[in-house]
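Here are the chains, one letter per residue:
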Amino acid sequence: MLDPKKALVVFSGGQDSTTCLFWAKKHFDEVYAVGFRYGQLHQHEVDIASEIAHKADVHYDILDVQFIGELSKTCSLTNSSIQMDSEQVGTLPPNTFVPGRNLFFMSIAAVYARERGIMNLVTGVGQTDFSGYPDCRDSFIRSLNVTLNLGMDEQFVIHTPLMWLDKCQTWALADDLGVFDLIREHTLTCYRGIVGDGCGECPACKLRRAGLQKYLTIRNQQQNDKS
């Protein structure tokens, strides 16, 4: 029987999943985290995630799913010979999209959760700033939730705290949760594997930085209005 007080966070150690980790700690009594080695070039992220999970006092397991990176040779995050797209062109996903990644991650996470009696699955995907990745959309997550429940005859609930937040609002949530500095200084969002503010040039860094600058402007204005 699945426990509604337990939650499992799909955790990479990036801005979004770290925000979700602390969101889960606020909303559930017992929180676990799971990360994946899927052939990503910046595999240092699992070490970063492990350090953050330790600081958060959350049990963290790393699962080896290298086959995900091996299935597709057209992704710049798993194939170093491909030049990274700087942005999405037209309606096609950029080549930083890892086909099937969230499908596999959430399916494996559900099996992991079932074995431990965990009802709630938490993921940091979002449709507002989804960068053209089809497996970050709300319709996909809702569909997958139904499929997982049918496939395992369980009642999992997939939570997406960031689904309708842009990066500015995600920074605001981190601040509300009391982990703004931790997320800014210790998370790994950069596609080139640079912790904190990152390289500043890859798509993930540009999105993160734009949201941060917007949020800091708003926060400073609010502080000035109070004073």
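Further up the page is the structure itself.
About the thresholds
Residues numbered from 1 in each chain as written. Predicted model: local features only at pLDDT ≥ 70, side-chain atom pairs only at ≥ 80, totals over all residues. Heavy atoms only, no water. Helix = DSSP H or I, 4+ residues; strand = E, 2+ residues; numbered from the N terminus. Pairing = 2+ DSSP bridges. Axes fitted to C-alpha atoms, helices over the stretch in contact; angles between N-to-C directions. Contact = heavy atoms within 4.5 Å. Expected span 1.5 Å × (residues − 1). Buried < 20%, exposed > 50% of the residue type's maximum accessible area, 1.4 Å probe, protein only. Right-handed = clockwise from strand over helix to strand, strands pointing away.

1. So, unusual backbone geometry
Reasoning step 1: A positive phi angle, close to 60°, is found at Asp 57, a residue other than glycine.
Reasoning step 2: As for its position among the elements, Asp 57 is in the loop between helix 2 (44–55) and strand 3 (59–64).
Reasoning step 3: Positive phi outside glycine occurs at Asp 153, with the angle close to 55°.
Reasoning step 4: Among the structural elements, Asp 153 can be located in the loop between helix 5 (138–152) and strand 5 (157–159).

2. Section: the sheet that holds strand 1 (residues 3–10)
Reasoning step 1: Read from one edge to the other, the open sheet built from five strands follows the order 3-2-1-4-5, with strand pairing classed as parallel. Looking at the sheet topology across the chains shown, the edges are occupied by strand 3 and strand 5. Direction aside, the axes of adjacent strands within the sheet are offset by 30° on average.
Reasoning step 2: Where strand 2 (residues 30–37) lies against strand 3, six bridges are found, and the strand directions are parallel. Along strand 3, the bridge assignment pairs Arg 37 with Asp 64.
Reasoning step 3: Strands strand 1, strand 2, strand 4 (118–122) and strand 5 of the sheet are contacted by helix 1 (residues 15–27), whose axis makes an angle of about 165° with strand 1.
Reasoning step 4: Across the sheet, helix 2 lies against strand 2 and strand 3, angled at about 165° from strand 3, the strand it touches most.

3. Side note on helix 2
Reasoning step 1: Taking 1.5 Å as the rise per residue, helix 2 with 12 residues should run 16 Å; its terminal C-alpha atoms sit 17 Å apart, in good agreement.
Reasoning step 2: Among the structural elements, helix 1, strand 2, strand 3 and helix 7 (180–186) are those in contact with the buried residues of helix 2.
Reasoning step 3: Looking at the residues trailing helix 2, positive phi occurs at Asp 57, about 60°.

4. Some remarks on the pairing of strand 2
Reasoning step 1: With six of eight residues buried, strand 2 lies mostly within the body of the structure.
Reasoning step 2: Bridge count for strand 1 against strand 2 is five bridges, and the pairing is parallel. Bridge pairing in strand 2 links Lys 6 to Glu 30.
Reasoning step 3: With helix 1 bridging strand 1 and its parallel neighbour strand 2, the resulting β-α-β unit is right-handed.
Reasoning step 4: Each parallel crossover has a hand, and for strand 2 linked through helix 2 to strand 3 it is right-handed.

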